[in-house]
Amino acid sequence: MGEETLFQASAKRLSGETDEIAFTPPTVLTNSDFRFIVTEQLANAGIDPGPVLIEPEGRNTAPAVLAATLHAARTDPEAILLVAPSDHVVPDTEAFRAAVVRGLEAVRAGDLVTFGIAPTHPETAYGYLELSGQPDSAGMPVKLSRFVEKPDEARAAEMLEAGTFQWNAGIFLFRAADMIAAFESHAPTLMGPVRAALDEAEVDLGFLRLAPGPWAGCEDISVDYAVMEKAQNLSVVPFDAAWSDLGGWDAVWRESGPDADGVVTSQHATAIDCRNTLLRSENERLEVVGIGLENLIAVAMNDAVLVADMSRAQDVKEAVAALKQKGADQAVAFPKDHRPWGWFESLVVGGRFQVKRILVHPGASLSLQSHFHRSEHWIVVEGTARVAIDDEVKLVTENESVYIPLGAVHRMENPGRVPMVLIEVQTGTYVGEDDIVRYEDIYVRG
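Scoring rules and cut-offs
- Residues numbered from 1 in each chain as written.
- Predicted model: local features only at pLDDT ≥ 70, side-chain atom pairs only at ≥ 80, totals over all residues.
- Heavy atoms only, no water.
- Helix = DSSP H or I, 4+ residues; strand = E, 2+ residues; numbered from the N terminus.
- Axes fitted to C-alpha atoms, helices over the stretch in contact; angles between N-to-C directions.
- Parallel < 35°, antiparallel > 145°, perpendicular 65-115°, else oblique.
- Left-handed = near helix turned anticlockwise from the far one by under 90°.
- Contact = heavy atoms within 4.5 Å.
- Nonpolar A, V, L, I, M, F, W, Y, C, P; charged D, E, K, R; others polar.
- Phe/Tyr/Trp six-rings, centres within 6.5 Å; stacked < 30°, edge-to-face > 60°.
- Buried < 20%, exposed > 50% of the residue type's maximum accessible area, 1.4 Å probe, protein only.
- Pairing = 2+ DSSP bridges.
- Right-handed = clockwise from strand over helix to strand, strands pointing away.

One non-glycine residue, D273, lies in the positive phi region at around 55°. Even without a glycine there, the phi angle at N399 is positive, about 70°. Of note, N399 is situated in the loop between β23 (392-397) and β24 (401-404).

We now examine the packing of helix α3 (residues 61-73) against helix α7 (residues 188-199). Axis separation between α3 and α7 bottoms out at 10 Å; the angle between their running directions is 55°. Classified by the interaxial angle, the pair formed by α3 and α7 is oblique. Crossing of α3 over α7 shows right-handed handedness. Contacts between α3 and α7 involve A62, P63, L66, A67, L70 and H71 from the former and L190, M191, V194, R195 and L198 from the latter. Looking at the contact of α3 with α7 residue by residue, the classes come out as nine nonpolar, one polar and one charged.

We now examine the packing of aromatic side chains. Applying the stated rule across the entire model yields seven aromatic pairs. Geometrically, the ring pair formed by F36 and F207 is edge-to-face, given 5.7 Å between the ring centres and 70° between the ring planes. In this pair, F36 sits in helix α2 (residues 35-44) while F207 sits in strand β9 (residues 207-209), placing the two residues 171 residues apart along the sequence. Like F36, the residue F207 is buried in the burial classification. Centre to centre, the rings of W167 and W243 are 6.3 Å apart; their planes meet at 45°, and the pair counts as tilted.

Turning our eyes to something else, we now look at the pairing of strand β13 (residues 277-281). Where burial is concerned, most of β13 is hidden: four out of the five residues are buried. In terms of strand pairing, strand β11 (residues 263-265) meets β13 through three bridges, oriented parallel. The residue bridging V263 from the neighbouring strand is T277, located in β13. Taken together, the four bridges between β13 and strand β15 (residues 296-300) define a ladder with parallel strand orientation. Across the sheet, residue R280 finds its bridge partner in β15, namely V299.

A separate point is the pairing of strand β1 (residues 28-31). Along β1, the buried face is formed by V28 and T30; none of L29 and N31, which line the opposite face, is buried. Relative to strand β2 (residues 52-55), β1 runs parallel, the two sharing four bridges. Residue pairing in the sheet places N31 in a bridge with E55 of β2. With α2 bridging β1 and the parallel β2, this β-α-β connection has right-handed handedness.

Here it is in structure tokens:
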């Protein structure tokens with residue numbers, strides 16, 4: 001939605017210090033695929049990361065929230081945690097922080113606090129919170145009566161008219177000891193496996209890898225179902241500033257500010273005689289053109305294209321399930337693979353060859369390695385590479401290349417101050433990522 005990612009915007013919103021509130025470095029829960037993206041993006045945003053906990057597999061929000069809470073309670077049982085998804089759009093940071101400050105009084109009284117968004121239309125894609133009374137103009141906490149599942153349009157319109165219902169933002173504020181007590185009362189079966197996953201966790205490059213065995217025993221359940229819907233000590237802080245959880249491409253269309261015809265286009269998209277349409281390309285070399293479209297979404301990524309009716313925007317998960325069933329890589333693999341030294345992406349893959357683009361950060365180095373099944377050609381297109389092949393070390397600059405024979409022990413590093421980019425051509429009987437023998441690695445990967 002702008003120059004920075006939603007994750008970076010969320011981290012900034014929960015960082016820094018004012019006269020009324022101060023944040024410690026953020027604790028992040030993520031999976032292994034995102035671990036280097038997390039630290040790189042926090043660094044680019046000027047934020048020192050706190051603990052980064054890696055989930056072996058997704059088990060929904062209840063185990064994740066409990067893991068973060070138990071981790072914080074080890075150093076301070078009275079620690080106050082603010083739990084927020086990484087993909088929300090909240091343009092007014094000061095208004096959000098003011099809402100957090102308003103919730104602290106309820107937290108100190110022992111309440112678990114959730115945040116309600118003043119509804120602007122009868123939305124059917126969100127769950128709702130029913131308040132015990134009308135929110136006041138100051139936005140002070142109100143006791144929660146109940147959670148309400150996603151309604152149909154008629155019921156959503158009734159709740160909008162009532163004025164005592166708010167969208168459930170999925171943002172929580174609580175004291176660690178109070179949340180642990182809530183889990184012990186309402187979801188005790190999660191306590192053992194989550195605590196064991198923390199106790200048996202392993203440090204890896206500054207990340208904390210939760211133990212996969214105990215974690216697999218956690219029930220796959222949301223924190224709403226596991227705890228919040230059963231707890232009696234809940235308050236809601238009303239929040240009436242702009243907010244979106246970008247839960248579907250229709251939300252992206254809405255938040256992007258459609259023109260007079262209801263059309264939103266990205267930089268590399270063109271709409272001709274279209275109405276109520278989102279056209280978006282994530283690839284600068286791929287132009288998306290729509291002609292005479294109405295109520296449609298067309299999103300082109302580097303490896304897949306989505307075309308959907310606007311009314312079916314919430315059903316993208318069905319597309320993912322269908323792709324997984326047919327064994328499509330696009331459902332489970334990223335086009336760009338991030339590593340501690342930078343990233344790579346596959347440009348072309350054949351039966352006995354693969355072409356990659358590789359970016360190496362300044363001062364970063366790949367592991368000392370060899371391959372059983374492939375040789376490699378490296379062509380530097382930006383920056384300078386220091387390349388070691390067996391006993392020879394040389395500098396390779398732009399428009400120069402080097403050949404790594406099958407079985408040669410080699411390493412590449414970027415000695416410069418700017419990112420180094422090269423094109424790698426692999427040839428051999430097998431070009432999978434697991435054809436690597438590591439002899440030495442500054443990142444201590446197994």
